[in-house]
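Results of the structural survey
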Amino acid sequence: MLREGTVKALVIGGGIAGPVTALALRKAGIESVVFEAYDTTADGVGGMLTVAPNGLAALQLAGLEPDFGEPLRHMVMADAKGRTLGRISGDPSRVVTRAELYQRLRELTVAQQIKVEYGKRLADVTNDENGVTATFSDGSKETGDVLIGADGIRSRVRAIIDPQAPQPEYVGLLGFGSYAENSGVHGDPETMYFVFGSSFLGYWEQPDGTVAWFNNLAVEHPDQESGNWLERLREAYGDDLPAKQLLAHSSEVVAAGPLEIMPSVPHWYRDRMVLVGDSAHAPSASSGQGASLAAESAIQLARCLRDIPDLPTAFATYEQLRRPRVERIAARAAKTNSDKRGMGPLTRLLMPLVMKTFGAKAFTKDQNYRIDWDAKVS
Ligand SMILES: Cc1cc2nc3c(=O)[nH]c(=O)nc-3n(C[C@H](O)[C@H](O)[C@H](O)COP(=O)(O)OP(=O)(O)OC[C@H]3O[C@@H](n4cnc5c(N)ncnc54)[C@H](O)[C@@H]3O)c2cc1C
């Protein structure tokens, strides 16, 4: 049972799921402290994120207005000869740098006087009937009523809940990204283009005319291979449109990291500990839904803790609400990764039909998901 009176949650991880959980808990009348391993937030780290409409709605429930980054209303699928294969339009997503999103979430936690402690790396956890105690690598300890593992894809909390829990798996693709100037490639700034050619490439013309691009390259052993990635990408894409121009007009390339998927995590909670975000469900980056699903789970966890005083029941209800949805989206993204060359010739041929039938429909359904914050969880 949650303790009578004031309830205190220890939130491990100050990325996206952590601050959103803390903000939603505050709205639910539950106090929390966020512990982040690094000395500051990851400002300036990482590239761009697309937050889907469902994620924007979840963030809004935590108090973050969808006015960050730039709006994106359309997705166009094309081949490497410039032919359009499919198009999806819907409610706007927002493209934002990781730094801006973290900064906005940080401002909100500061405004709400939620304590965020930096430089606190969780090492271990002990539980008993009176509470849960987190021990950090600097030797300090903190006790609360519930401990929430929002500590990302390599979660320590997940390993404490279940030492046999699976680890993320590399899918054989290395992500890259950069910006091209004066490339002669243009597009509508409210459209993200996905090109399936020699390999996958996505691009987006920013309002200032610079084209941001990102792609995946099949790389067997990313930790052992290095070299001039820009040269390797130019070689891999050959005469593909518009990859050739974009790569020719980019002076550097940034390795965005290996694409990983998290196998299904069997245990999302134990005793007074529970997982939220990538620690429980990290779909491959190709889903474009990781941050959005993390925000949704944070909101649903806060609702369950608000409405169900018995911890095991609250955690079980939370898992029931979340697991089917997140695993369906993860499975679809894994399927996208399975063709490392981007898309087979038959799929390419059938793309317009695929998009018209289940592709666009499933995509839109995922994006239309909304949480009713006021509804009581039973
Ligand atoms: C290349 C790439 C592109 C992506 N693009 C998109 C996209 O376009 N759209 C999208 O929705 N998603 C995208 N994602 C996925 C998205 O980044 C994640 O799903 C999202 O960040 C998950 O949020 P989180 O808070 O659960 O985890 P994280 O953002 O990883 O945050 C976890 C936090 O916990 C901290 N931490 C870790 N261990 C400890 C510890 N022991 N103690 C204390 N703190 C700890 C970390 O320092 C970190 O700050 C992408 C991912 C990658 C790799």
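Residues numbered from 1 in each chain as written. Predicted model: local features only at pLDDT ≥ 70, side-chain atom pairs only at ≥ 80, totals over all residues. Heavy atoms only, no water.

Per an unreviewed UniProt entry, the chain goes by FAD-binding domain-containing protein and derives from Lentzea aerocolonigenes.

**A short note on the domain arrangement of the chain**
Per the domain assignment, the segments of the chain are domain 1 (8–67 + 95–168 + 262–338) and domain 2 (169–260). Each of domain 1 and domain 2 has a C-alpha centre, and the two are 30 Å apart. A buried area of about 860 Å², summed over both sides, lies between domain 1 and domain 2, and 60% of it is on carbon and sulfur atoms. Summed over the shared surface of domain 1 and domain 2, the result is one salt bridge. Here Glu260 makes a salt bridge to Arg154, at a shortest N to O gap of 2.5 Å. (Domains from an automatic or database assignment. Buried area = accessible area lost by both parts, 1.4 Å probe. Salt bridge = Lys/Arg side-chain N within 4 Å of Asp/Glu carboxyl O.)

**Thoughts on the nonpolar core**
Grouped together as the largest cluster of nonpolar side chains are 74 residues, with contacts concentrated most on Leu101, Leu147 and Ile148. Take this core: its biggest share by element is ten residues, from helix α7 (residues 290–307). Here Ile148 is in contact with Ala9, Leu10, Val11, Ile12, Thr21, Leu25, Val274, Val276, Leu301 and Leu305, once residues within four sequence places are set aside. (Core = buried A, V, L, I, M, F, W, Y, C linked by side-chain atoms within 4.5 Å. Buried < 20%, exposed > 50% of the residue type's maximum accessible area, 1.4 Å probe, protein only. Helix = DSSP H or I, 4+ residues; strand = E, 2+ residues; numbered from the N terminus. Contact = heavy atoms within 4.5 Å.)

**A word on the environment of Asp239**
Its place among the elements puts Asp239 in the loop between α5 (229–237) and α6 (243–248). Each C-alpha atom, one on Asp239 and one on Ala80, is 8.4 Å from the other, the two residues being 159 residues apart in sequence. At a separation of 2.8 Å, a polar atom in the side chain of Asp239 contacts the side chain of Lys244. (Polar contact = N/O pair within 3.5 Å; in protein donor to acceptor, adjacent residues only side chain to side chain.)

**What to know about the packing of aromatic side chains**
With the rule as written, the count across this model stands at nine aromatic pairs. Where Tyr193 meets Tyr203, the ring centres are 4.8 Å apart and the plane angle is 10 degrees; that geometry is what we call stacked. Taken as a pair, Tyr193 in strand β12 (residues 191–196) and Tyr203 in strand β13 (residues 200–205) lie far apart in primary sequence, ten residues in all. You can call Tyr193 buried: its relative accessible area is 14%. On the basis of an interplanar angle of 75 degrees and a centroid distance of 6.4 Å, the ring pair of Phe194 and Phe214 is categorised as edge-to-face. Placement of the pair is Phe194 in strand β12 and Phe214 in strand β14 (residues 211–218), with a sequence separation of 20 residues. (Phe/Tyr/Trp six-rings, centres within 6.5 Å; stacked < 30°, edge-to-face > 60°.)

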